Structures are given as C-alpha cells and as structure tokens.
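Each chain, written out:
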Amino acid sequence: MADAINLFEPKFRVEETLEEIRICLEKGWTGAGFKTLEIEEAWRRYSQLEHAHFVNSATAGLHIAMRVLKENDGWLQGDEIISTPLTFVSTNHVILQEGLTPVFADVDEYLCLSPESVKGRITERTRAVMYVGFGGNPGRLGEVAELCRKRGLRLILDGAHMTGTRIEGRPAGWQADVSVFSFHAVKNLPTADSGMVCFREKALDTEARKWSWLGIDKDTYTRMASGSSYKWMYNVEHVGFKYNGNSIMAAIALVALRYVDQDNAYRRQVAGWYEALLSAQPDVHLVPTPPNCEPSRHLFQVMVPERNAVILALNQREIYPGVHYRINTGYPMYQNQFGTCPRAEAASESLISLPLHMNLTRGDVLRVASSLLEVLRSAAAN
Ligand SMILES: *Cc1c(COP(=O)(O)O)cnc(C)c1O
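As a starting point, this report considers the structure included with it. Since the structure is predicted, the reported quantities are computational estimates derived from the model, not experimental observations. (Residues numbered from 1 in each chain as written. Predicted model: local features only at pLDDT ≥ 70, side-chain atom pairs only at ≥ 80, totals over all residues. Heavy atoms only, no water.)

1. A few points about unusual backbone geometry
And step 1. For the peptide bond that leads from His324 to Tyr325, omega is 0°, which places it in the cis range.
And step 2. Tracing the chain through its elements places Tyr325 in the loop between β14 (319–320) and α11 (342–350).
And step 3. Unusually for a residue other than glycine, Leu214 sits at a positive phi of about 60°.
And step 4. Relative to the helices and strands, Leu214 resides in the loop between α7 (202–211) and α8 (220–225).
And step 5. One non-glycine residue, Glu318, adopts positive backbone phi at about 65°.
And step 6. Within the secondary structure, Glu318 sits in the loop between α10 (307–316) and β14.
And step 7. On the basis of relative accessible area, Glu318 is assigned to the partly exposed category, the value being 23%. (Helix = DSSP H or I, 4+ residues; strand = E, 2+ residues; numbered from the N terminus. Buried < 20%, exposed > 50% of the residue type's maximum accessible area, 1.4 Å probe, protein only.)

2. Details of the sheet that holds strand β15 (residues 351–353)
And step 1. Strand order in this open sheet of three strands is β11-β13-β15, and the pairing throughout is antiparallel. Two strands lie at the open edges of the sheet, namely β11 (285–286) and β15, each paired on one side alone.
And step 2. The pairing of β11 with strand β13 (residues 301–303) spans two bridges and is antiparallel. Counterpart to His285 in the pairing with β13 is Met303. (Pairing = 2+ DSSP bridges.)

3. Notes on the state of the cysteines
And step 1. As enumerated under the stated definition, the model contains zero disulfides in all.
And step 2. Counting only cysteine sulfurs, Cys112 is the nearest neighbor of Cys148, a cysteine outside any disulfide, at a range of 14 Å.
And step 3. The cysteine Cys341 is free of any disulfide, with Cys112 supplying the nearest cysteine sulfur at 14 Å. (Disulfide = S-S within 2.5 Å.)

4. Looking at the pattern of salt bridges
And step 1. By the definition in use, this model includes 28 salt bridges.
And step 2. Glu16 is the salt-bridge partner of Arg258, the closest N and O atoms lying 2.8 Å from each other. Of this pair, Arg258 sits in helix α9 (residues 247–278) while Glu16 sits in helix α1 (residues 14–27), and the two are 242 residues apart along the sequence.
And step 3. Residue class for Glu16 comes out partly exposed when judged on its relative accessible area of 28%.
And step 4. Note that Arg154 is salt-bridged to Asp177, the shortest N-O span being 3.1 Å. Here Arg154, found in strand β6 (residues 154–158), pairs with Asp177, found in the loop between β8 (170–171) and β9 (178–182); they are 23 residues apart in sequence, far enough to count as distant.
And step 5. What makes Arg154 buried here is its relative accessible area of 13%.
And step 6. Given a relative accessible area of 12%, Asp177 falls into the buried group. (Salt bridge = Lys/Arg side-chain N within 4 Å of Asp/Glu carboxyl O.)

5. Details of helix α6 (residues 141–151)
And step 1. Of all the positions in α6, only Leu141, Val144, Ala145, Leu147 and Cys148 are classed as buried. Taken end-on, α6 shows its buried residues confined to a sector of 160°, consistent with a single buried face. Turned more than 90 degrees away from the buried face of α6, the exposed residues are Arg149 and Lys150.
And step 2. Taken together, the buried residues of α6 touch α5 (115–120), β5 (126–132), β6 and β7 (166–167).
And step 3. At the C-terminal side of α6, Gly152 shows a positive phi close to 70°. (Arc of directions from axis to C-beta. Contact = heavy atoms within 4.5 Å.)

6. Side note on the packing of aromatic side chains
And step 1. Applying the stated rule across the entire model yields 12 aromatic pairs.
And step 2. Seen in terms of ring centroids, Phe241 and Tyr243 are 4.9 Å apart; in terms of plane orientation they differ by 15°. Their pairing is stacked.
And step 3. If you follow Arg13 out to its NZ or CZ, it ends over the ring of Tyr259, 4.2 Å from the centre.
And step 4. Positioned above the aromatic ring of Phe34, the side-chain terminus of Lys27 is 4.8 Å from the ring centre. (Phe/Tyr/Trp six-rings, centres within 6.5 Å; stacked < 30°, edge-to-face > 60°. Lys NZ or Arg CZ within 6 Å of the ring centre and 35° of its normal.)

7. A few points about the site of the ligand
And step 1. Around the ligand sit 16 residues in total, of which Thr59, Asp158, His161, Ser182 and Lys187 are the nearest.
And step 2. Residue Asp158 places a side-chain N or O atom 2.7 Å away from a nitrogen atom belonging to the ligand.
And step 3. One of the side-chain nitrogen or oxygen atoms of Lys187 is found 3.2 Å away from an oxygen atom of the ligand.
And step 4. A total of 380 Å² of accessible area belongs to the ligand in isolation, and the protein chains cover 94% of it.
And step 5. Of all the elements in the fold, those that place two or more residues in the shell around the ligand are α3 (58–73) and α4 (90–97).
And step 6. By residue class, the composition of the shell around the ligand is five nonpolar, nine polar and two charged. (Near = heavy atom within 4 Å. Polar contact = N/O pair within 3.5 Å; in protein donor to acceptor, adjacent residues only side chain to side chain. Areas by Shrake-Rupley, 256 points an atom, 1.4 Å probe, with all protein chains shown as cover. Nonpolar A, V, L, I, M, F, W, Y, C, P; charged D, E, K, R; others polar.)

8. Let's talk about the sheet that holds β7
And step 1. The sheet built from three strands is open, its strands ordered β8-β7-β12 with antiparallel pairing. Either end of the sheet is taken by a strand with one partner, and the two such strands are β8 and β12 (293–294).
And step 2. Relative to β12, β7 runs antiparallel, the two sharing two bridges. Residue Arg166 lies in a different strand from β12, and its bridge partner there is Glu294.

Right, dumping it as structure tokens:
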C-alpha cells in the first residue's frame, strides 16, 4: 500500500523555532508583549501595512475588526454586511455576533465575491463588504475596493488564506480598511493558533488593542517597561475581549515568516504541476488566477462531477483531499438565504481541495492527479 497523502501537513523549522521559544522561557516572558512586539514589527515590514496587531486567531481578529468599525462608525443592530457564503464560518459568525446582518452575494469564476453581485445587494443599510481572498486568490478585490470607496462602504478583508499573496507586486491588504490574516496550524504561515489584524487608520488600531485586552487602556508589558511609579495603574474603557496573542505563538510565527515566501514559491510550483496534469481534462474544472497577482496558493482547488463519490474513491487510494467549503447557507443560522447565490452553491457541491503542503513531492502530485483522472474515467464509464 502506498503512503497516505494528506491535504495539509504543517512544516515547522523545529530547531530554529525552539531557539525562539527558548528566548521567551529564559526571559520569563511568554505572554503579550516582548515577542508579540517583534512579530508585529516583522509583519509590518513584510506586509507593508502600517499597523499590525497580533491576536490569538484570525477569528478573534475578524471579531475585533467588526466591533471596532461598528463602534467607530455607529452601526446599528440589523445594519447589513455583504459577505460570501463560500467561506469558513468565522467570516460570517462575527457579523452575527455583532448583531449585524450578513447579506450574501454570489461568487465569480475566482470563487471570490463578484463585484456585480455585491453591487446588486447594496441597500440603505449596507455598511461594509467582507471579502475573502479564497485560497489566496485575490479575485477582483481591486474592483470591490473601488466600489466600496465610491459607495462609502467599509471593506474588511478576510485574508486568512492570503499571507504572501501579492497583487500588482504588493502584499495583499492595503486596499481594505482592515485586513485579517490567520496563522492557524493548517494555514500557509503555521503556528498553532494566532493571527494578525491590520487597520489602515491609526486610531482604529489603538482601539483594537484595547478591545483585544478586555478594554484595558495599557497592556502589562508597556506598563512594566514604563518609568512610571504607578506601574499597576490602568483604566478599563470597554467590556472587551481576551483576544491578545502571546509570545510563544509569536516566536513560532517569527520563524515561519522567514520562510513563508520560499514556502509559497514551492506551493506555486506544486500548483503548476497540478495545472499541467489536469488542465484540458474534460471533467476537471480549474479555478483561474487573475492577471497581475502572485497567489499564496494556500489551496489548490478543482471542480468535478460527483464530488463526494470521487473523494471516497480517492480515500480508498490513501489520498485525502478536503472540501473548502460547505456553503454557509447549509447551516441553520444562514439557511434563510439558501438559494440566493447559485454559483457559490454549485461550486460548493463540486469543489475538491487537492493535497498541498511542503512535504508533497512531484511523485505525490503525479499520483494524486493520475488517481483523480482514473476515478473520474471509471465513474464516466459506469
Ligand atoms: C481559517 C480561516 C479563518 C479563521 O482563522 P483562525 O485563525 O483559525 O481563527 C477565517 N476565515 C477563513 C476564510 C479561514 O480559512
């Protein structure tokens, strides 16, 4: 039996990462501050974004993004946020958690929000667009950003898949009011759980830091480092959350960030192999990449008929692809919008994410592609 080929396998530079963690342990500082400041600085340099706040997950970052914009702009219960139903539920849960209403727009050929569909769903109550760069693919983000600018809407970028994606030569994120990145274990910059929330406006970044630390106006590290004789003194401005990142996760992220461009280049190489083997095959539809971008390639997705049966047949060959995602309107809290996004719904029935990680060899890619084609051919013959 051949070895199993998994969808994702995080790759860690173990010795180098342990060295960074050791520094935290020896210093006796594992919480917020210290390494979290280093990763924020490193991320600002890498992303060319002016503000970066390290948090304990992208979900937390998205929630903070929602809360800070809602407070700042005075959004009311029931105000609408246009979003995609083809995403991880984090994207949309934070809208509901803030008492706002997600209004789904359909996706385009890139599986990202279609600017035309977004435009058609803007109402008096629309306040923002939540955009997901699906699999690292920016889709038509620039057009959506332009639409938001013209219509006075905020743009939130769920960039959970977009670490290292470049658009017109520039790292993704600058087009949005706030961009959020995930450093979850299976994302392309793996830690265990952490993320980055990057506001364009300094005042909002300052607010976000309070919201992620229970509403407290000064974090402990800053207080301890200050010359004040009242180091213990702080004020609490909001009923905030406990969403800050810690120095152990930051240490892991610092090392991963050194390698992420190199890793993404290999991901694009793997994607190129898949494309060469699978394009021009009758039953395999590839997701295109727009011009002028270099995607992170967090995912490599194809659309096939009889998807569920195909996955089972691949599993029998020890190949374990994934599905990103079940359409969110299939879940009870979003069900009332079922049927409003036919393209996203159809995609959700046929998408497969093929194995894509740093331990994958060219031989593995050949085996996955040839197995997929065999499975499809035998299904067609039946
Ligand atoms: C993984 C993911 C998130 C959440 O990231 P966490 O860091 O695990 O909270 C949000 N949106 C999308 C599209 C994701 O894939």
